[in-house]
Amino acid sequence: MVEPRVYVIHENPEWFPPLKTAFDAEGVPVEEVLLVDGGIDLDAPPPPGVYWSRMSASADTRGHGYSKEYTRAVLSWLESWGATVVGGSRVLELEVSKVAQHALLRSGGVEVPRTTAAFGVGQLLARAREFEAPFITKHNQGGKGLGVRRFDSHAELEAHAASPDFEESADGIYLVQEYLRAREPFITRAEFVGGRFVYAVRVDTSAGSFELCPADACVVPDAVGEVSAFSLRRKIDASHPLIRELEALLARAGILIAGVEFIETEDGRTVVYDINTNTNYNPDVEASSPVSGPRSIAAFLGGLLEETRSEALQSA
Ligand SMILES: Nc1ncnc2c1ncn2[C@@H]1O[C@H](COP(=O)(O)OP(=O)(O)OP(=O)(O)O)[C@@H](O)[C@H]1O
Ligand SMILES: [Mg+2]
């Protein structure tokens, strides 16, 4: 029989080394499932263990256009056999839809940016007219901030939509969103593991980029002496009212591992605009934090693995 272990389902091998190091340090057996090909015997049970899907909405930008479909297939098979799955079908559907993320956040009672979903490019242009400039547009199926743009006028959007730079949304759905004017040029990303707050990261946005991937693999080497855009935001802890609301919201939605992003605005609002269930941890933040994101994940999934082992023993 195969030794039970934690299976990590994703499609980007560059994300695995920091996770592997953390699992080894916690003494939890782990195996990467790179879902870029392969297959499953639908009539056979999955090997015993814990399955964690961290499939990314931006898989297609790495040449893995079908990985999301493969993950849908694998998750429905795992769930049909009653396997222990973290980041199951519902979470995948949330990861690939900013509409679903917005709906969840709004229904959970947190403040969200005013947003319209437009079906097709024609409607994107028409619906954007209902927003005062500046406004933001996004692709429903985002990730890495791709397709997130700020427009300072409607004419600018119209020119962009007609230009060769225009990228179509993968599912035809575009978001038009209120531009959030930050009180200070940073966003905050709160990390949760096992449904519990781990730490909050301050991401400096003064350079103006909307592509804010925190992973080691995405980091452009800093010029000598340059300060990292990512730092630990110590003032935000588990007792912060928004963090408590987010923990409750994630619990209701069955989301165990996530990074949630918000902006504190000039006019005094704290507005939540993004839930990432494919979350990576920044090395500078990890180096200065007393708790580690990947270690928290390894410990949490290791605990689930122990539970599945003892259940298997009881039923044997
Ligand atoms: N409504 C907004 N107003 C101002 N800035 C915004 C707004 N929405 C997004 N941004 C900026 O753009 C960045 C990327 O947006 P968002 O997080 O929605 O995209 P994403 O594709 O999910 O990115 P990622 O996968 O990196 O989280 C944000 O971190 C923020 O800096
Ligand atoms: Mg984001």
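Everything below is about the structure shown above.
Each chain has its residues counted from 1, running along the sequence as written. Starting at A for chains and at 1 for ligands, labels are handed out in the order in which the entities are written. Totals for whole chains, interfaces and linings use every residue, but because this is a predicted model, local features are given only for residues with pLDDT of at least 70 and side-chain atom pairs only at 80 or more, for both listing and counting. Where side-chain values are given, they derive from all heavy atoms of the structure, hydrogens and water being excluded.

Novice: For this particular structure, what's the right way to read the packing of helix α1 (residues 16-26) against helix α9 (residues 293-315)?
Specialist: Two numbers describe a pair of packed helices, the interaxial angle and the distance between the axes. As a packed pair, α1 and α9 sit with axes 8 Å apart at the nearest point and diverge in direction by 55°. Of the possible angle classes, the one that applies to α1 and α9 is oblique. Crossing angle aside, the handedness with which α1 passes α9 is right-handed. For the pair α1 and α9, the contacting residues are Pro 18, Leu 19, Ala 22, Phe 23, Ala 25 and Glu 26 in the first and Pro 294, Arg 295, Ile 297, Ala 298, Ala 299 and Leu 301 in the second. Only Asp, Glu, Lys and Arg are considered charged in this grouping, and only Ala, Val, Leu, Ile, Met, Phe, Trp, Tyr, Cys and Pro are considered nonpolar; every other residue, Gly among them, is considered polar. Class assignment for the residues of the contact of α1 with α9 results in 10 nonpolar, no polar and two charged. Here an angle of 0 to 180 degrees is reported between the N-to-C directions of two axes, which are lines fitted to C-alpha atoms, with helices fitted over the stretch in contact. Counting from the N terminus, the helices are DSSP H or I runs at least four residues long and the strands are E runs at least two residues long. Roughly parallel refers to an angle under 35 degrees, roughly antiparallel to one over 145, roughly perpendicular to one between 65 and 115, and oblique to any angle outside these ranges. Handedness of a crossing is defined here by the sense of rotation of the near helix relative to the far one, left-handed for an anticlockwise turn of less than a right angle and right-handed for a clockwise turn. Any pair of residues with heavy atoms lying within 4.5 Å of one another is described as a contacting pair.

Novice: I would appreciate a short explanation of the coordination of the magnesium ion (ligand 2) in the present structure.
Specialist: Tetrahedral metal sites with four donors have an ideal angle of 109.5 degrees; octahedral sites with six donors have ideal angles of 90 or 180 degrees. Within the first shell, the magnesium ion (ligand 2) binds the protein through Glu 261 (OE) and Asp 274 (OD), at distances of 2.1 to 2.2 Å. Residue Glu 261 is located in strand β12 (residues 257-264), and its partner Asp 274 is located in strand β13 (residues 270-276); the two are separated by 13 residues in the primary sequence. Each member of the pair, Glu 261 together with Asp 274, is buried. The donor set comprises N, O and S atoms within 2.8 Å of the metal, extended to 3.2 Å for Na, K and Ca; water molecules are omitted, so apparent gaps in a site may simply reflect that omission. Summary of the burial criterion: residues with accessible area below 20% of their type's maximum are buried, those above 50% are exposed, and those between are partly exposed, where the area comes from a 1.4 Å probe applied to protein chains only.

Novice: Got a minute to help me understand the sheet that holds strand β3 (residues 49-53) in this structure?
Specialist: Strand pairing within a sheet occurs via backbone hydrogen bonds; the two strands may be parallel or antiparallel. Being paired, for any two strands, means DSSP has found at least two bridges between them. Spatial ordering of the open sheet is given by β2-β1-β3-β4, a layout of four strands whose pairing is parallel. Sheet topology places β2 (30-34) and β4 (84-86) at the edges, where each strand pairs with a single neighbour. The sheet shows a mean angle of 25° between the axes of neighbouring strands, taken without regard to direction.

Novice: Would you take a moment to explain the pairing of β2 for this structure?
Specialist: Each regular strand shows side chains that alternate between the opposite faces of the sheet. With five bridges connecting them, strand β1 (residues 5-10) and β2 associate as parallel partners. Within β2, the position partnered with Val 6 by the bridge is Val 30. Handedness of a crossover is defined as follows: orient the strands so they point away from the viewer, and if the path from the first strand over the helix to the second runs clockwise, the crossover is right-handed. In the classification by handedness, the crossover that spans β1, the intervening α1 and the parallel β2 is right-handed.

Novice: Sorry, what's going on with the sheet that holds strand β5 (residues 115-119) here?
Specialist: Read from one edge of the open sheet, four strands run β5-β8-β6-β7, paired in antiparallel fashion. Two strands in the sheet have a free side with no partner beyond their single neighbour: β5 and β7 (149-151). Shown here is a sheet whose adjacent strand axes are inclined to one another by a mean of 25°, direction ignored. Relative to strand β8 (residues 173-178), β5 runs antiparallel, the two being bridged by five bridges. Opposite Ala 118, over in β8, you have Tyr 174 as the bridge partner. On the sheet, helix α4 (residues 98-107) packs against β5, β6 (135-139) and β8 and is oriented at approximately 45° with respect to β8. Relative to the sheet, helix α5 (residues 121-128) contacts β5, β6 and β8, its axis offset from that of β5 by approximately 150°.

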